[in-house]
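Listed below are the residues making up each chain.
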Amino acid sequence: MKYALLSDIHGNLHAFEACLAHAKAQGAERIAVLGDLVGYGAFPAEVVTRCQDIQAQGGIVLRGNHEELIQSHNLNDASANLSLGSQTAHWTHDQLSPAQRFWLEILPLTACEDSVLLVHASADAPERWRYVEDERTASLSLDAAMQDPAVRYVFGGHVHHQSLFYRGTGRQLMRFEPSPGVAIPTPKHRHWIATVGSVGQPRDGNPRAMYALFDSSAAKLTFHRVAYDHMAAARCVREAGLPEFFAERLETGR
């Protein structure tokens, strides 16, 4: 099975459609969306509709922290509105129908497919939205996932960059620096944990969208960067009246 792993779309329909088209061309057989469908971008309702279609066709869709942020009970909680995401949360909430907001609210936090655990943030208390950004936090997430002895792979998002760690015979995690478009052997005798990057809001100085493709039969993981019309996406953010910062971030990838 070839899984397309997409996360942190953030209402960026231009980037999302570009990644889906790229994944289809790569032979992807199943789509997994790892959370943060909304927030920051100009097309939250359209992205949610697309994800509902993906789920209806047998794909996997998980809940991220931005799906939680736009719920009514959190919008009225001052302590929850201290982040950058809060700057678009009210607007995003108003763009979605009650049925769409309810669908987002009941999405699962994790999904397990054979030897693969999918999660938005960390498998160690996924509802706390911890960032998997170094060997220590990756080890915590992997240890939690390995409570199920069948799990060999953990794939998540949340941190907006692409990374890969593996554990061999010892307990120490090793970091592997991926190159876009290069298939990485990920044999099952080791344990692996990866973050697949952000489709809709890269933050590494490169505006190209990010996603990953996992071939479970061949045990290979490929990270991809996909060019799309990021200037048009930024223009739509401005036209929607959203903060200028979010348009500039799409233009610069920062």
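Caption draft 1: Expanded view of the overall build of the chain. A tally of helices and strands in the chain yields nine helices and 12 strands. Against the compact-globule benchmark of 18 Å for 254 residues, the chain has a radius of gyration of 17 Å, which places it among compact chains. Referenced to the eigenvectors of the C-alpha coordinate spread, the extents of the chain come out at roughly 50 × 35 × 35 Å. The buried share among the 254 residues of the chain stands at 56%. If you take every contact in the chain between residues at least 6 apart in sequence, the share linking residues at least 24 apart comes to 73%. In the structure as shown, the chain presents an accessible area of about 10,600 Å², 51% of it carried by carbon and sulfur atoms. Taken together, the 23 basic and 28 acidic charged side chains of the chain have centroids lying 6 Å from each other.

Caption draft 2: Inspection of the side chain of Arg-101 at higher detail. You can see Arg-101 is positioned in helix α6 (residues 98–105). Although Arg-101 lies buried, it forms no salt bridge, and the closest oppositely charged side chain, Asp-94, sits 5.7 Å away as judged by the N-O distance. At a separation of 2.9 Å, a polar atom in the side chain of Arg-101 contacts the main-chain carbonyl oxygen of His-93. Beyond its immediate stretch of four places on either side in the chain, Arg-101 contacts Ile-70, Gln-71, His-93 and Leu-96.

Caption draft 3: Looking closely at the nonpolar core. The biggest cluster of nonpolar side chains holds 44 residues, and the ones touching the most others in it are Leu-6, Phe-16, Val-33, Leu-37, Cys-51 and Leu-104. Among the elements of the structure, β1 (2–6), α1 (13–25), β2 (30–33), α2 (44–56), α6, β11 (209–215), α8 (230–239) and α9 (244–252) are those that each provide at least two residues to this core. With seven residues, the single largest contributor to this core is α1. In this view, Leu-104 contacts Leu-37, Val-38, Val-48, Arg-63, Glu-67, Ile-70, Gln-71 and Leu-96; residues no more than four positions away in its chain are not counted.

Caption draft 4: The arrangement of the packing of α1 against α2 in detail. Remark: α1 packs on α2, axes separated minimally by 10 Å, with the N-to-C direction vectors making an angle of 25°. It follows from the interaxial angle that α1 and α2 lie roughly parallel. In this structure, the crossing between α1 and α2 has a hand that is left-handed. Two secondary-structure elements touch here, α1 through Leu-13, Phe-16, Glu-17 and Leu-20 and α2 through Glu-46, Val-47, Arg-50, Cys-51 and Ile-54.

Caption draft 5: Here's a closer look at the sheet that holds strand β6 (residues 153–156). In spatial order, the strands read β4-β5-β6-β10-β7-β8; together these six strands make up an open sheet with mixed pairing. Two strands bound the open sheet, and with one partner strand each, they are β4 (110–113) and β8 (173–176). Looking at each pair of strands side by side, their axes are set apart by 20° on average, direction ignored. Bridging between β6 and strand β10 (residues 191–196) involves four bridges; their strand directions are parallel. When the sheet's bridge partners are listed, Val-154 is paired in β10 with Ile-193.

Caption draft 6: Representation of helix α5 (residues 86–95) within the structure. Of the residues making up α5, those classed as buried are Ser-86, Thr-88, Ala-89, Thr-92 and His-93. Across the axial projection of α5, the buried residues extend over an arc of 145°, all falling on one side. The inward-facing, buried residues of α5 abut α2, α3 (65–69), α4 (72–75), α6 and α9.

Caption draft 7: Structural context of the pattern of salt bridges. In the structure shown here, the tally under the stated rule is nine salt bridges. The partner of Arg-167 in a salt bridge is Asp-143, and the shortest N-O contact between them spans 2.9 Å. Placement of the pair is Arg-167 in strand β7 (residues 162–167) and Asp-143 in helix α7 (residues 135–145), with a sequence separation of 24 residues. We note a salt bridge from Glu-177 to Arg-175, for which the minimum N-O separation is 3.1 Å. Counted as one network, the salt bridges with shared partners bring together Arg-238, Glu-244 and Glu-251.

Caption draft 8: The arrangement of the pairing of strand β12 (residues 220–226) in detail. Among the seven residues of β12, six are classified as buried, and the element is accordingly described as predominantly covered. Examined bridge by bridge, β11 and β12 share seven bridges and lie antiparallel to one another. What sits directly across from Asp-215, in β12, is Lys-220.

Caption draft 9: Main features of unusual backbone geometry. One non-glycine residue, Asp-8, lies in the positive phi region at around 55°. On the basis of relative accessibility, which here comes to 0%, the residue Asp-8 falls in the buried class. A positive phi angle, close to 65°, is found at His-160, a residue other than glycine. Inspection of the secondary structure assignment puts His-160 in the loop between β6 and β7. Residue classification places His-160 among the buried residues on the basis of a relative accessible area of 3%.

Scoring rules and cut-offs
Residues numbered from 1 in each chain as written. Predicted model: local features only at pLDDT ≥ 70, side-chain atom pairs only at ≥ 80, totals over all residues. Heavy atoms only, no water. Helix = DSSP H or I, 4+ residues; strand = E, 2+ residues; numbered from the N terminus. Rg over C-alpha atoms; globule rule 2.2 N^0.38 Å. Buried < 20%, exposed > 50% of the residue type's maximum accessible area, 1.4 Å probe, protein only. Contact = heavy atoms within 4.5 Å. Areas by Shrake-Rupley, 256 points an atom, 1.4 Å probe, with all protein chains shown as cover. Lys, Arg positive; Asp, Glu negative; His and termini not counted. Charge placed at Lys NZ, Arg CZ, Asp CG, Glu CD. Salt bridge = Lys/Arg side-chain N within 4 Å of Asp/Glu carboxyl O. Polar contact = N/O pair within 3.5 Å; in protein donor to acceptor, adjacent residues only side chain to side chain. Core = buried A, V, L, I, M, F, W, Y, C linked by side-chain atoms within 4.5 Å. Axes fitted to C-alpha atoms, helices over the stretch in contact; angles between N-to-C directions. Parallel < 35°, antiparallel > 145°, perpendicular 65-115°, else oblique. Left-handed = near helix turned anticlockwise from the far one by under 90°. Pairing = 2+ DSSP bridges. Arc of directions from axis to C-beta.

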